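# Examining the three-dimensional arrangement
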Amino acid sequence: MNFEKILLHRLKMKMKTPFTTSFGTQIDRYVTIVEIIDENGLSGFGECVAGEDPLYSEEFMDSALVAIKKYFGPLLLQSNLSHPKEVTELFKPFKRNMMAKSGLETAVWDLYAKQQGLPLYKVLGGEKTEVEVGISLGLEKSDDIIIEKIREKVEEGYKRIKVKIKPGRDVEMIRAIREVFPDIPLMADANSAYTLDDIELLKQLDEFNLMMIEQPLGSTDIVDHATLQKAIKTPVCLDESIDSYENAKAAIELGSCEIINVKVGRVGGLAESIKIHDLAKENKIPLWCGGMLEAGVGRLTNIAITTLPNFVLPGDTASSSRYWEEDIITPEVVAENGVVQLSDKPGIGAEVDFEKMKKVLIQTDEITKEDALEMVFFD
Ligand SMILES: O=C(O)CCC(=O)c1ccccc1C(=O)O
Ligand SMILES: [Mg+2]
């Protein structure tokens, strides 16, 4: 795979409505689209999904951009790889910075799939040609508002509704939702907002027949999650805690969760996602694919990984229109009655639409072969 240059398209996309979690409210999304170009002028696209601020994880978009420009971009341009699976090894000496790595790694996968003339999902070993999707709903000012949002999304056909919870907006809110919708597939995501001191409160959620509770405790609390899982009936699903194959293995062995949410960006890319997939499958841990408020490129990467057989639960891979008035790809992602069809076009399955992207572009940065790997200590 001969790489010529890398472009970082930095976008500012206005979200249709603000999105609130236990760590804050998001109004604009600063998206980075990674474009990697080969010697024949063919382009692969990936999305760097880092948040604007280090709230979900320690990474943030500015740190990811520096990491890509200073280390991972130059390393990739100077490499001589024959398969995208080798990118993880190439980046390994440099610790973490998962979302920076993943932005590039996913772009290499898309490029490779296009070079082969195959859809990305088939290159990944995916089998499904359609996938079921759910939707993630942010915190709202009142129960009435969230109930109306749920009604709308259930009517649109989404296969699973996820609501955000935080201390003070949990048991009573879920009770109010269950009074109106006793049977919908419902789950709650706490984004690390609780500790084991809240165990009695978290036990109270058992009466609502939730599909799972996502990341109730801190991201490094793998042991505490095992204690919690033993004390509650609701399946624990880990999100923030699973940032590598090794962590997934530890969580499974300790019994910290019954379900895992795989985010391609959080674990450093598609190759690591496949490793976690295979491990979870062996251990009968069901998976689903989480989201990071992606624009179209990241959305399509997520949908591709979801075609692997152990992604048995609906993902946070809703339509482009969930967050965007206009996405940057053509055609956009459309879930019909909660189902997305995979495209058989080479690569991620849709074109980055430069006309649309221009409207939200802040600037494009370029990394070339002349950009040396800039290191202070290196031999
Ligand atoms: O629709 C999506 O992209 C997922 C929305 C979501 O829940 C989320 C969005 C940003 C950061 C973390 C999370 C999460 O899953 O915890
Ligand atoms: Mg989550």
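The numbering scheme is per chain: residues are counted from 1 as the chain's sequence reads. Throughout, the order in which chains and ligands are written sets their labels, letters from A for the former and numbers from 1 for the latter. Where totals are concerned, whole chains, interfaces and linings use all residues; where local detail is concerned, this predicted model gives features only for residues with pLDDT of at least 70, and gives and counts side-chain atom pairs only at 80 or more. The basis for every side-chain value is the complete set of heavy atoms in the structure, and neither hydrogens nor water enter the calculation.

## Some remarks on the sheet that holds strand 11 (residues 287-289)
Backbone hydrogen bonds hold the strands of a sheet together, and the pairing may be parallel or antiparallel. What counts here: Note on pairing: DSSP must find at least two bridges between two strands before they are called paired. For helices the rule is a DSSP run of H or I covering at least 4 residues; for strands it is a run of E covering at least 2, with both sets numbered from the N terminus onward. Any two residues whose heavy atoms approach within 4.5 Å are treated as being in contact. The convention used is that axes are lines fitted to C-alpha atoms, helices contributing only their stretch in contact, and that angles between N-to-C directions extend from 0 to 180 degrees.
Strand order in this open sheet of 7 strands is 5-6-7-8-9-10-11, and the pairing throughout is parallel. The strands lining the two open edges of the sheet, one partner per strand, are strand 5 (135-137) and strand 11. With 4 bridges connecting them, strand 6 (residues 161-164) and strand 7 (residues 186-189) associate as parallel partners. Residue pairing for strand 7: Val163 is matched across the bridge by Ala188. Those strands touched by helix 6 (residues 171-180) are strand 6 and strand 7, and its axis lies near 150° from that of strand 6.

## Considering the domain arrangement of the chain
Filter applied, for reference: A domain assignment, automatic or from a database, supplies the domain bounds used here. Two parts placed together each lose some accessible area under a 1.4 Å probe, and the buried area is that loss summed for both. Throughout this description, the term salt bridge denotes a Lys or Arg side-chain nitrogen within 4 Å of a carboxyl oxygen of Asp or Glu. Polar contact is defined as a pair of N or O atoms within 3.5 Å, subject to the rule that within protein one atom must be able to donate a hydrogen and the other to accept it, and that residues adjacent in sequence are counted only when both atoms are side-chain atoms.
By domain assignment, the chain separates into domain 1 (3-118 + 354-368) and domain 2 (122-350). In this structure, domain 1 and domain 2 have C-alpha centres spaced 22 Å apart. Every contact between the two is made by 39 residues of domain 1 and, on the other side, 49 residues of domain 2. Counting each side, the surface lost to burial between domain 1 and domain 2 is near 3700 Å², with a carbon and sulfur contribution of 66%. Interface area lost by domain 1 to domain 2 is led by Lys16, Tyr56 and Lys356, which between them contribute 20%. Taken together, the connections running from domain 1 to domain 2 amount to 2 salt bridges. Connecting domain 1 to domain 2 are 20 residue pairs in polar contact (both at pLDDT 80 or more). Broken down by secondary-structure element, the contributors of at least two residues to the side of domain 1 that touches domain 2 are strand 1 (3-21), strand 2 (24-38), strand 3 (43-48), helix 3 (98-116) and helix 12 (354-358).

## What to know about the UniProt feature "domain: Mandelate racemase/muconate lactonizing enzyme C-terminal" (unreviewed entry) in the chain
Our working rule: UniProt positions are given in the numbering used here, feature names are shortened, and annotations may be inferred rather than shown by experiment.
The residues that UniProt annotates with the feature "domain: Mandelate racemase/muconate lactonizing enzyme C-terminal" (unreviewed entry) are residues 143-235. Across residues 143-235, the secondary structure splits into 43% helix and 11% strand, with the terminal C-alpha atoms separated by 24 Å.

## Concerning the sheet that holds strand 1
Taken together, the 4 strands give an open sheet; going across it, the order is 3-2-1-15, and neighbouring strands pair in antiparallel fashion. Only two strands of the sheet have a single neighbouring strand rather than two, namely strand 3 and strand 15 (361-368). Averaged over all pairs of adjacent strands, the angle between their axes in this sheet comes to 25°, without regard to strand direction. Of the strands in this sheet, strand 1, strand 2, strand 3 and strand 15 are in contact with helix 1 (residues 61-77), which crosses strand 1 at around 155°.

## Digging into the environment of Gly347
The cut-off we apply is this: Exposure classes here rest on a 1.4 Å probe applied to the protein chains alone. A residue is buried below 20% of its type maximum, exposed above 50%, and partly exposed in between.
Mapped onto the elements of the fold, Gly347 is located in the loop between strand 13 (339-341) and strand 14 (351-352). Judged by relative accessible area, which is 3%, Gly347 ranks as buried. Along the primary structure Gly347 and Thr220 are separated by 127 residues, whereas in three dimensions their C-alpha atoms are 35 Å apart.

## Some details on the site of ligand 1
For clarity, the cut-off: Whether a residue is near a molecule or strand is decided by its heavy atoms; if any one of them lies within 4 Å of it, the residue is near. Under the convention adopted here, Pro, Cys and the residues Ala, Val, Leu, Ile, Met, Phe, Trp and Tyr are nonpolar, Asp, Glu, Lys and Arg are charged, and Gly plus all remaining residues are polar.
The environment of ligand 1 is made up of 16 residues, and the closest members are Ser136, Lys164, Asn191, Leu293 and Tyr323. A distance of 3.0 Å separates an oxygen atom of ligand 1 from a polar side-chain atom of Lys263. At 2.9 Å, a backbone N or O of Leu293 approaches an oxygen atom of ligand 1. Broken down by class, the residue content of the shell around ligand 1 amounts to 5 nonpolar, 3 polar and 8 charged.

## Considering the UniProt feature "active site" (unreviewed entry) in the chain
Residues annotated in UniProt with the feature "active site" (unreviewed entry) correspond here to Lys164 and Lys263. Counting through the fold element by element, Lys164 comes out in strand 6. Once residues within four sequence positions are removed from consideration, Lys164 is found in contact with Phe19, Thr20, Thr21, Ser136, Leu137, Gly138, Leu139, Met173, Asp189 and Asn191. If you trace the backbone, Lys263 turns up in the loop between strand 10 (259-262) and helix 10 (270-282). On the basis of relative accessibility, which here comes to 5%, the residue Lys263 falls in the buried class. Discounting chain neighbours no more than four positions away, the residues touching Lys263 are Tyr56, Asp239, Gly290, Gly291 and Met292.

## Here's the deal with the packing of aromatic side chains
Note the threshold: Ring pairs are drawn from Phe, Tyr and Trp, using the six-membered ring of Trp, whenever the two centres fall within 6.5 Å, and their geometry is named by plane angle: stacked under 30 degrees, edge-to-face over 60, tilted for the rest.
Per the stated rule, a full pass over the model turns up 7 aromatic pairs. On the numbers, 5.8 Å between centres and 90° between planes, the contact of Phe19 with Tyr323 is edge-to-face. Of the two residues, Phe19 is situated in strand 1 and Tyr323 in the loop between helix 11 (296-305) and strand 12 (329-330); the sequence distance between them amounts to 304 residues. Exposure class is identical for Phe19 and Tyr323. Each is buried. On the basis of an interplanar angle of 90° and a centroid distance of 6.0 Å, the ring pair of Phe72 and Phe94 is categorised as edge-to-face. Placement of Phe72 in helix 1 and of Phe94 in the loop between helix 2 (87-91) and helix 3 is noted, with a sequence separation of 22 residues between them.

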